Amino acid sequence: MKERTVSKERREEYKKQVLQEFKSAVNFYRLESSEDLIGLFNTFGYLLICGITGEGGIRELRETNYASAEELEKIQARIRYEETERWAYLLDDNRALAETVRKIRQYTIPNGITISVWNNIMAVLQTTLECYQEVCDPAFLYETVRSMFDLCVNTKTDLNRYTLPDYIVLQLVKLLQSEPAGNEGREKLRIFDPQYGSGNMLLMVGNYLKNAHLCGFEQDARFRMSARILSVLANQVIETWDGKFLENREIGSFDIVITNPLFSSESVREEDRAWFVPGELGRVRGRHNLFLVRSMQLLTENGQAVLVVPDSFLFSTKAETMDVRRWLLNTYCVEGIISLPAKVFYPSTMTNASVLIVSNPFMRVERISGKTPYLFFYQMNVQEDTEQTDIQLMEIWNQRDYYFDKWQRQMQADYRRFGGVPTPEKWEHENFWFADMEVVAGEKWSLLPKNYKPDGRTELQAEDPRALLEELIREQEGLLKEMRQFAEEVERL
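About the thresholds
Here, residues in each chain are numbered from 1, in the same order as that chain's written sequence. In keeping with the model being predicted, local features are shown solely for residues with a pLDDT of at least 70 and side-chain atom pairs are shown and tallied solely at 80 or more, while totals for entire chains, interfaces and linings include all residues. Only hydrogens and water are removed before side-chain values are computed, so all heavy atoms of the structure are retained for them. Note on geometry: axes are lines fitted to C-alpha atoms, helical ones only across the stretch in contact, with angles between N-to-C directions running from 0 to 180 degrees. Numbering of helices and strands runs from the N terminus; a helix is a DSSP stretch of H or I covering at least four residues, while a strand is a stretch of E covering at least two. Geometric relationships in this document are graded by angle, where less than 35 degrees denotes roughly parallel, more than 145 denotes roughly antiparallel, 65 to 115 denotes roughly perpendicular, and other angles denote oblique. Should the near helix be turned counterclockwise from the far one by less than a right angle, the crossing is left-handed, whereas a clockwise turn marks it as right-handed. Contacts were defined at the residue level, with two residues in contact if any of their heavy atoms lie within 4.5 Å. Whether two strands pair comes down to DSSP finding at least two bridges between them. Salt bridge, as applied in this entry: a Lys or Arg side-chain nitrogen positioned within 4 Å of an Asp or Glu carboxyl oxygen. Using a 1.4 Å probe on the protein chains alone, a residue whose accessible area is under 20% of its type maximum counts as buried, one over 50% counts as exposed, and one in between counts as partly exposed. Only buried residues count toward a nonpolar core, which is a set of Ala, Val, Leu, Ile, Met, Phe, Trp, Tyr and Cys residues joined through side-chain atoms within 4.5 Å.

Observations regarding the packing of helix H7 (residues 115-135) against helix H8 (residues 138-153)
Packing of H7 against H8 leaves a shortest axis separation of 9 Å and a crossing angle of 150°. Comparing the axis directions of H7 and H8 gives the class roughly antiparallel. Remark: the crossing between H7 and H8 carries right-handed chirality. Along the contact surface, H7 presents Val124, Thr128, Cys131, Tyr132 and Val135, while H8 presents Pro138, Phe140, Leu141 and Met148.

Let's talk about the environment of Arg249
Secondary-structure assignment places Arg249 in the loop between strand S3 (238-240) and strand S4 (254-259). Along the sequence, Arg249 and Phe276 sit 27 residues apart, while their C-alpha atoms lie 8.9 Å from each other.

So, the pairing of strand S9 (residues 415-418)
With 4 bridges connecting them, S9 and strand S10 (residues 421-424) associate as antiparallel partners. Looking across to S10, one finds that Arg416 is bridged to Thr423. Two successive antiparallel strands, S9 and S10, enclose a turn made up of 2 residues, where Gly419 displays a positive phi of approximately 60°.

Brief notes about the pattern of salt bridges
With the rule as written, the count across this model stands at 18 salt bridges. Its salt-bridge partner being Arg11, residue Glu143 comes within 3.4 Å of it at the nearest N-O pair. Residue Glu143 is found in helix H8, and its partner Arg11 is found in helix H1 (residues 8-32); the two are separated by 132 residues along the sequence. Taking the shortest distance from any N to any O, the salt bridge between Arg269 and Glu247 comes out at 3.7 Å. Taken together, the residues span a long stretch of sequence, with Arg269 in the loop between S4 and helix H12 (270-273) and Glu247 in the loop between S3 and S4 at a distance of 22 residues. For Arg269, a relative accessible area of 49% translates into the label partly exposed. Take Glu247: its relative accessible area is 35%, and that puts it in the partly exposed class. Salt bridges sharing partners connect three or more residues here, namely Glu247, Arg269, Glu271 and Asp272.

Observations concerning the nonpolar core
In terms of nonpolar packing, the biggest core is built from 141 residues, with Leu164, Ile191, Phe192 and Leu375 touching the most fellow members. Each residue touching Ile191, except ones within four places of it in the same chain, is listed here: Leu202, Val205, Leu209, Ala212, His213, Leu214, Cys215, Ile256 and Ile258.

What to know about unusual backbone geometry
Backbone geometry at Cys136 places phi at a positive 60°, although glycine is not the residue there. Tracing the sequence through the fold places Cys136 in the loop between H7 and H8. Taking relative accessible area as the criterion, Cys136 reaches 4% and is therefore assigned buried. For Asn235, which is not glycine, the phi dihedral falls at a positive 60°. Mapped onto the secondary structure, Asn235 falls in the loop between helix H11 (221-233) and S3. Using a relative accessible area of 45% as the deciding quantity, one classes Asn235 as partly exposed.

Looking at the side chain of Gln410
Within the secondary structure layout, Gln410 lies in helix H17 (residues 400-413). Apart from residues lying up to four places away in sequence, Gln410 is in contact with Pro424, Lys426, Trp427 and Glu428.

Description of the sheet that holds strand S11 (residues 432-436)
In spatial order, the strands read S3-S2-S1-S4-S5-S7-S6-S8-S11; together these 9 strands make up an open sheet with mixed pairing. The open sheet has two edge strands with one neighbour each: S3 and S11. Direction aside, neighbouring strands of the sheet carry axes that sit 20° apart on average. When strand S1 (residues 189-193) meets strand S2 (residues 212-216), the two strands line up parallel, connected through 5 bridges. Across the sheet, the residue bridging to Asp193 is Gly216, located in S2.

Just distances and angles here, no functional claims.
Structure (structure tokens):
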């Protein structure tokens, strides 16, 4: 497809148009069919991929005014068994990607989709393909469909499955020490996510580190399908292993582990954990904690990990969680802890989260091998100018040792205590600060950034329960108002 020059403003207008139509389809789907919005996304993605990579059956699907279940199955059967050579050629003869497309085309459109929902899906599909023809940029298609996925997963029906915005993932990836480009001649970097969900974090790493082998686990078949759709649009492949992550003993080691595992306190059976848990973590049973432990064990020497965790992990006084934090600090090098923007997972949850950047150093001069000499904390805020925020974070990150020396000099000159935690009397930087490991040990290995922020201890005070309830009531009232508006729209049809 010949590329065209389309202004950034016009490109955003096309994207907004597509997303507005998709939101309408989502509203109809929720009212008339199901709250399983991932199912809606997968159906749309299936039709889109078929529309891009094939003809024949997909044309019949687009032209029908919603066939019966039997007729629908006949059309899909023809799509499933079309010859692969033509669309393998369309995918630059990438057989691995063609195999992903084949799996997508095995998808079965679920029963129960109403005529109005079907017509909305087809209308969105038509608009998406028309806008894509105008923009002529595969990145536009990925970005638009990626935004569609966020509309479907960031709801209160998929509890504990939260996705980070791509711009945040990219900022985190840039902090890793791997070479971002020009490494095509080297052996591929092995990038791993033990629970990849939509695969967006792996895909962002693969897009930035051009010579990457992406792989991981995902137990939920719905999310595996979503990841296939997005990976094809991103022109990448995610190797997916069968079985359960914690039970697999043969997956090898990895250069980079990046994961946002399920926020769960569920306990794991003894036989599934005993084979890999070190002695000092003998009482660790929680699935989330064990995901973090096993993920770190898979790092190669000098490998790095990006671990997204709820803030509760950072300050919990539960014995097993404190054990894991101490183990991380003593066994590996925690390069930094980055507080994510407030409401980063809204509307799925109001849970605050942070990111641990951890390395498995073989030999380093400025940091003792296998130890964390100090903690670096950074507060990431939502800003319109994400590029400027990205540059600021990188500059500070690359000068951490310089700023820590400055922190120590100010501590020696004059310091104050907040709840027993010493901090410099005057620290001019509001978005980053440090903590000495002796102080962290005295705080029961708490890793919560606010706990060590200068003049910030008061922020740890419990919120007024009445204010929290009032906020919850306002949210519920807003949802009810939206539902009434949807109902009125349906009645006018």
